[in-house]
Amino acid sequence: HYYAEWAGRPAAIVSYSGGRISGARSAFAWHEILGALGTAVVPATLAIGQIGAALDEEDRPTGEGGALLEKQFPKFAEGFLWWVEAAKARRDAS
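Residues numbered from 1 in each chain as written. Predicted model: local features only at pLDDT ≥ 70, side-chain atom pairs only at ≥ 80, totals over all residues. Heavy atoms only, no water.

Thoughts on the confidence of the model for the protein chain
- Taken as a whole, the protein chain shows an average pLDDT of 90; of its residues, 98% reach a score of 70 or greater.
- Here helix 1 (residues 3-6) stands out as the element of the protein chain with the lowest mean pLDDT, 79, in contrast to strand 1 (residues 10-16), whose mean of 94 is the highest. (pLDDT = per-residue confidence, 0-100. Helix = DSSP H or I, 4+ residues; strand = E, 2+ residues; numbered from the N terminus.)

So this is what it looks like as structure tokens:
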């Protein structure tokens with residue numbers, strides 16, 4: 001049903017949880033679902049465990065989890081943007 005809207009578009013997965021697992025199970029499931037929709041699922045994912053301790057009341061990174069988020073996010077975003085630009089170039093060429 002959604003194939004035309006999603007076909008060839010990049011998708012990136014960010015997961016989080018209140019515990020240590022960081023939403024890894026849901027990220028795994030979404031990878032398969034998004035792939036079935038025809039998206040180009042970016043290989044890198046961003047997983048944040050213990051989200052309540054990783055962000056403060058104003059959603060700023062804090063503590064050990066926040067430091068890890070700040071370290072991982074730029075590379076994750078850079079990879080996603082690469083796929084966005086590549087998919088757009090491919091659509092424009094078609």
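What to know about the packing of aromatic side chains
- Going through the model one piece at a time under the given rule, you end up with two aromatic pairs.
- A centroid spacing of 6.3 Å and a plane angle of 45° characterise the contact between Phe 73 and Phe 76, whose relative ring orientation is tilted. Note that Phe 73 and Phe 76 are positioned in helix 4 (residues 63-93) at a spacing of three residues, about one turn of the helix.
- Look at Phe 76 and you get buried, because its relative accessible area is 8%.
- For the pair Trp 82 and Trp 83, a centre-to-centre distance of 5.3 Å together with 80° between the ring planes defines the contact as edge-to-face. (Phe/Tyr/Trp six-rings, centres within 6.5 Å; stacked < 30°, edge-to-face > 60°. Buried < 20%, exposed > 50% of the residue type's maximum accessible area, 1.4 Å probe, protein only.)

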